[in-house]
Amino acid sequence: MTDSPRPRDTRTALVDRWRDTLLAARSGAPGPDPLPYAENLLARWDEPQRRYHTTAHLTAVLDRIDTLAGYAADVHAVRLAAWFHDAVYRPDRTENEERSAALAERALPEAGVGEAVTAEVARLVRLTVTHDPAEGDGNGEVLCDADLAVLAGSPQEYAAYAAQVREEYGFVPDEAFRAGRADVLRQLLALPRLFRTPHGAAEWEARARHNLATELELLGSPSGPQ
């Protein structure tokens, strides 16, 4: 058994991933040092109000994008979108995705990324409001599948995810949280497909639907999550 990576090692790996992605997205164009941008984004992902939307979530999404990379038209734009998609996150607000997209629109041109890639990153970030990409939107399918893959975890992993979400909404009374969470679960279950890539459909769809249905059932029971 190997030791788990120390937090500093994990952070260094994320900085390296950011640098490689940003340089690739520049396509040889000059630009400033990538490090300050990585530090700014990581500081956002480390904010104290986060329990699920943390650097662990960012790492997991980036890992899943690596798995799905062959389905994307521009995997560098998808990876940048992963970095920005929850960069602004306040659980008591509803405009997080829009503010995250606006942050990308400000930061990426300054970081040396061209107009077309910047616009694609912002579009992808906004797409995470619905997780419902259009047919044939390979970039959108990869980002949304990577973001939703947490739903297909083992029962223990899914329970940990659901508990972290509840912690982020600790300011919401139990009854209101249960009602709101149930609405979110029903909306996800109502989607014709949760996962759009062939890999996601084959590997994650059935397990994710089972987890969602189980949580929804528990929310409606007296002994359900509090």
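Residues numbered from 1 in each chain as written. Predicted model: local features only at pLDDT ≥ 70, side-chain atom pairs only at ≥ 80, totals over all residues. Heavy atoms only, no water.

Draft legend 1. Geometry of the pattern of salt bridges. Following the criterion strictly, the structure yields 19 salt bridges and no others. Of the charged contacts, one joins Asp 46 and Arg 11 as a salt bridge, the two residues approaching to 3.0 Å between their closest N and O atoms. A residue pair is termed long-range when its members are at least 10 positions apart, and Asp 46 in the loop between helix H2 (35–45) and helix H3 (55–68) and Arg 11 in helix H1 (residues 7–26) qualify at 35 residues. Across the salt bridge formed by Arg 17 and Asp 66, the nearest N and O atoms sit 3.1 Å from each other. With Arg 17 in helix H1 and Asp 66 in helix H3, the pair connects residues that are 49 residues apart, well separated along the chain. Because the salt bridges share partners, they merge into one network encompassing Arg 17, Asp 63, Asp 66 and Arg 79. (Salt bridge = Lys/Arg side-chain N within 4 Å of Asp/Glu carboxyl O. Helix = DSSP H or I, 4+ residues; strand = E, 2+ residues; numbered from the N terminus.)

Draft legend 2. Spotlight on H2. Among all positions in H2, only Tyr 37, Ala 38, Leu 41, Leu 42 and Trp 45 are buried. When H2 is viewed along its axis, its buried side chains cluster within an angular range of 125° and face the same direction. (Buried < 20%, exposed > 50% of the residue type's maximum accessible area, 1.4 Å probe, protein only. Arc of directions from axis to C-beta.)

Draft legend 3. A look at the nonpolar core. Trp 18, Ile 65, Trp 83, Phe 84, Leu 108, Val 121 and Leu 151 are the most contacted members of the largest nonpolar core, which has 63 residues in total. With eight residues, the single largest contributor to this core is helix H4 (residues 75–84). Beyond its immediate stretch of four places on either side in the chain, Trp 83 contacts Leu 14, Trp 18, Leu 41, Leu 42, Trp 45, Leu 58 and Leu 62. (Core = buried A, V, L, I, M, F, W, Y, C linked by side-chain atoms within 4.5 Å. Contact = heavy atoms within 4.5 Å.)

Draft legend 4. Spatial organisation of the side chain of Thr 21. Here Thr 21 shows up in helix H1. If we ignore the near neighbours within four places in the chain, the residues touching Thr 21 are His 76, Arg 79 and Leu 80.

Draft legend 5. Local environment of the packing of H4 against helix H7 (residues 138–148). The interhelical angle for the contact between H4 and H7, taken along N-to-C directions, is 40°, at an axis separation of 10 Å. As summarised for this structure, H4 and H7 are arranged oblique, according to the angle between their axes. Every pair of crossing elements has a handedness; the one defined by H4 and H7 is right-handed. Here Val 78, Ala 81 and Ala 82 of H4 lie close against H7, whose contacting residues are Asn 139, Val 142 and Leu 143. Partitioned by chemical class, the residues of the contact of H4 with H7 number five nonpolar, one polar and no charged. (Axes fitted to C-alpha atoms, helices over the stretch in contact; angles between N-to-C directions. Parallel < 35°, antiparallel > 145°, perpendicular 65-115°, else oblique. Left-handed = near helix turned anticlockwise from the far one by under 90°. Nonpolar A, V, L, I, M, F, W, Y, C, P; charged D, E, K, R; others polar.)

Draft legend 6. Region of interest: the packing of aromatic side chains. One pass over the full model with this rule turns up seven aromatic pairs. Ring geometry for Tyr 169 versus Phe 171: centroids 6.0 Å apart, planes at 35°, classification tilted. Judged by its relative accessible area of 26%, Tyr 169 is partly exposed. The rings of Trp 18, Trp 83 and Phe 84 are connected pair by pair, giving a single aromatic cluster. Its end group placed over the ring of Trp 45, Arg 50 keeps NZ or CZ at 5.3 Å from the ring centre. Over the ring of Phe 177 we find Arg 166; its NZ or CZ atom is 4.3 Å from the centre of that ring. (Phe/Tyr/Trp six-rings, centres within 6.5 Å; stacked < 30°, edge-to-face > 60°. Lys NZ or Arg CZ within 6 Å of the ring centre and 35° of its normal.)

Draft legend 7. Examining the environment of Leu 127 more closely. Take Leu 127: it is sitting in helix H6 (residues 115–127). Owing to a relative accessible area of 14%, Leu 127 belongs among the buried residues under this scheme. Distance from Leu 127 to His 85, taken between C-alpha atoms, is 9.2 Å for residues 42 residues apart in sequence.

Draft legend 8. Inspection of the packing of H6 against H7 at higher detail. Where H6 meets H7, the closest approach of the two axes is 10 Å, and the angle between their N-to-C directions is 50°. Classified by the angle between their axes, H6 and H7 sit oblique to one another. When you trace H6 past H7, the crossing you get is right-handed. Here Glu 120, Arg 123, Leu 124 and Leu 127 of H6 lie close against H7, whose contacting residues are Asn 139, Gly 140, Leu 143 and Cys 144. Class assignment of the residues belonging to the contact of H6 with H7 gives a composition of four nonpolar, two polar and two charged.

Draft legend 9. A look at helix H8 (residues 155–168). Between the first and last C-alpha of H8 there are 20 Å, a value that for 14 residues agrees with the 20 Å anticipated at 1.5 Å per step. Within the sequence span of H8, burial applies to Tyr 158, Tyr 161, Ala 162, Val 165, Arg 166 and Glu 168. The buried residues of H8 occupy an angular sector of 160° when the element is viewed end-on, so they sit on one face. The secondary structure elements touched by the buried residues of H8 are helix H9 (174–190) and helix H11 (205–219). (Expected span 1.5 Å × (residues − 1).)

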